[in-house]
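An overview of the molecular structure
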Amino acid sequence: MKLFDVYPLNDITIVKAKGSYVWDDKDQQYLDMYGGHAVISIGHTHPHYVKRLEDQLHKVGFYSNSIKIPLQVELAEKLGKISGKEDYQLFLCNSGAEANENALKLASFYNGKKKIVAFTKAFHGRTSLAVAVTDNPNIVAPVNQTEHVVFLPFNNEVALEKYFSENGNNISAVIIEGIQGVGGINVASDSFLRRVRSLCDHYNAVYIADSVQCGYGRSGKFYSQDFSGVDADIYTMAKGMGNGFPVAGISIAPKLHPKHFMLGTTFGGNHLACAAALAVLEIIEQDNLVENAAVVGDYLMTELNRLPQIKEVRGKGLMIGIELPGELKDVKKNLLFKHKIFTGEAKPNVIRLLPALNITQKEADIFLEALKTELAG
Ligand SMILES: Cc1ncc(COP(=O)(O)O)c(C=O)c1O
């Protein structure tokens, strides 16, 4: 059997990783400014994380959600505390798409409505509803197309207000990334998010903050939507939550009440997943990683803004987009193959920085020097 060929691959095989570095099978070292697509939050192979998973594996790796799993309760308490949403409820699942799928479903159970508002350039995942609210027709299969979703212009309060005034009673949910990732690092404005909040309140719609990529401390606050000063009804999270172990969740406001069997999962919240997620939160807390993301992120943004060849620098904390003019299309490739630095990308020519939250200023400087060399041609 061969692999189903869905990804264009770089000809690199990673065999070892530590902190913000990875090594290939020829022992070449790379600086990881990509964090394996925003997944590596506490750095690769962090000793506390490795030990917690190892210890758990020797006790019990998995048993079903039909029994009590105290690690889930411990995780919910710790997440509530660190995210500042102690009265919220946690449902655990396995991926970002699944988190969004469950959030949208829960919203519709809650208010009995069907219409969903999403935004231009949004990415919410590849399962049926998650992909239906994703603004990319190329990845929406005919069977996923639905009348229930409308795409409104991102950050456009007038359009949002108008749509609500005409359709408010049918709107079940608004789903929005605090900072669009795949869409090219576009920050939702605080006033736009406040408008989402007030319209959802007025029309009994559910405000879903997709925090899969911009959450978990990456923006310099636990959820990037926290900058707006208003709370969402549901926060979805995945990527950084397990530092590579597949674990995801939705944090649900107290007004949404559970009923038995309304949501469910086989793997979600298993013992190993909880151990991974707990280890991540313990390190985030102990090493002040949300603050580090803010400090090193500000430093990077300030330095990047000094470089005249860059068209625009966007983002918050350690979620940064560097928009380059079309003629500098080889910079990302050269950073990887000449300077041995992984970065992410977004179309048409945006370099995405999504490093581990404990990256140091020194490591940030290595990236900045390499970028300056490339921009100088
Ligand atoms: C904002 C956002 N939501 C959802 C997803 C989907 O997550 P997953 O690939 O874990 O299903 C992603 C993945 O890139 C994302 O960036």
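Structure first, text after, so check above.
Quick look at the structure, then. (Residues numbered from 1 in each chain as written. Predicted model: local features only at pLDDT ≥ 70, side-chain atom pairs only at ≥ 80, totals over all residues. Heavy atoms only, no water.)

Time to look at the site of the ligand. Surveying the vicinity of the ligand reveals 13 residues, the closest of which are Gly96, Ala97, Asp210, Gln213 and Lys239. A distance of 2.8 Å separates an oxygen atom of the ligand from a polar backbone atom of Ala97. With respect to the ligand, the side chain of Asp210 contributes an N or O atom lying 2.8 Å from a nitrogen atom. The fraction of the free accessible surface of the ligand (390 Å²) that becomes covered by protein chains is 82%. The element best represented in the shell around the ligand is helix H4 (residues 96–111), accounting for three residues. The residue makeup of the shell around the ligand, split by class, is three nonpolar, seven polar and three charged. (Near = heavy atom within 4 Å. Polar contact = N/O pair within 3.5 Å; in protein donor to acceptor, adjacent residues only side chain to side chain. Areas by Shrake-Rupley, 256 points an atom, 1.4 Å probe, with all protein chains shown as cover. Helix = DSSP H or I, 4+ residues; strand = E, 2+ residues; numbered from the N terminus. Nonpolar A, V, L, I, M, F, W, Y, C, P; charged D, E, K, R; others polar.)

Below, the discussion takes up helix H8 (residues 271–286). Under the 1.5 Å per step criterion, the end-to-end length of H8 is 22 Å for 16 residues, consistent within 8% with the ideal 22 Å. Where H8 begins, the side chain of Asn270 points an oxygen toward the backbone nitrogen of Leu272, at a separation of 3.1 Å. In the segment just after H8, Asn288 is the residue with positive phi, at about 50°. (Expected span 1.5 Å × (residues − 1).)

The next thing to look at is the pairing of strand S3 (residues 29–32). For strand S2 (residues 21–24) and S3, the ladder comprises three bridges, and the chain directions are antiparallel. Residue Val22 lies in a different strand from S3, and its bridge partner there is Tyr30. The hairpin turn running from S2 into S3, its antiparallel successor, is four residues long, and Asp27 in that turn takes a positive phi close to 65°. Relative to strand S15 (residues 341–342), S3 is paired through two bridges, and the arrangement is parallel. Following the sheet pairing, Asp32 is matched in S15 by Phe342. (Pairing = 2+ DSSP bridges.)

It is worth spelling out the side chain of Asn111 at this point. For Asn111, the location among the structural elements is in helix H4. Judged by relative accessible area, which is 13%, Asn111 ranks as buried. Engagement of the side chain of Asn111 in a polar contact is seen with the backbone oxygen of Ser172, the distance being 2.9 Å. Within the local environment of Asn111, its side chain forms a polar contact with the backbone oxygen of Asn204, the two atoms lying 3.1 Å apart. Setting aside its immediate chain neighbours within four residues, Asn111 contacts Ile171, Ser172, Asn204, Ala205 and Val206. (Buried < 20%, exposed > 50% of the residue type's maximum accessible area, 1.4 Å probe, protein only. Contact = heavy atoms within 4.5 Å.)

Bringing the packing of aromatic side chains into the picture now. Under the criterion given, the structure shown has eleven aromatic pairs. Their ring planes at 70° and their centres at 6.1 Å tell us that Phe62 and Phe267 sit as a pair that is edge-to-face. Placement of Phe62 in the loop between helix H2 (47–59) and helix H3 (70–83) and of Phe267 in the loop between strand S12 (248–252) and H8 is noted, with a sequence separation of 205 residues between them. On the accessibility criterion, Phe267 (53% relative accessible area) is exposed. Taken together, the aromatic side chains of Tyr88, Tyr216, Phe222, Tyr223 and Tyr235 make up a single cluster linked through ring pairs. Between the NZ or CZ atom of Lys221 and the centre of the ring of Phe227, over which it lies, the distance is 5.3 Å. (Phe/Tyr/Trp six-rings, centres within 6.5 Å; stacked < 30°, edge-to-face > 60°. Lys NZ or Arg CZ within 6 Å of the ring centre and 35° of its normal.)

This next bit is on the pattern of salt bridges. Throughout the structure, instances matching the rule amount to 24 salt bridges. A salt bridge links Lys347 to Glu345; the nearest nitrogen and oxygen atoms lie 3.8 Å apart. Note on Lys347: relative accessible area 63%, which makes it exposed. Each of the salt bridges in this network shares a partner with another, and the network as a whole consists of Arg197, Asp201, Asp233 and Lys255. (Salt bridge = Lys/Arg side-chain N within 4 Å of Asp/Glu carboxyl O.)

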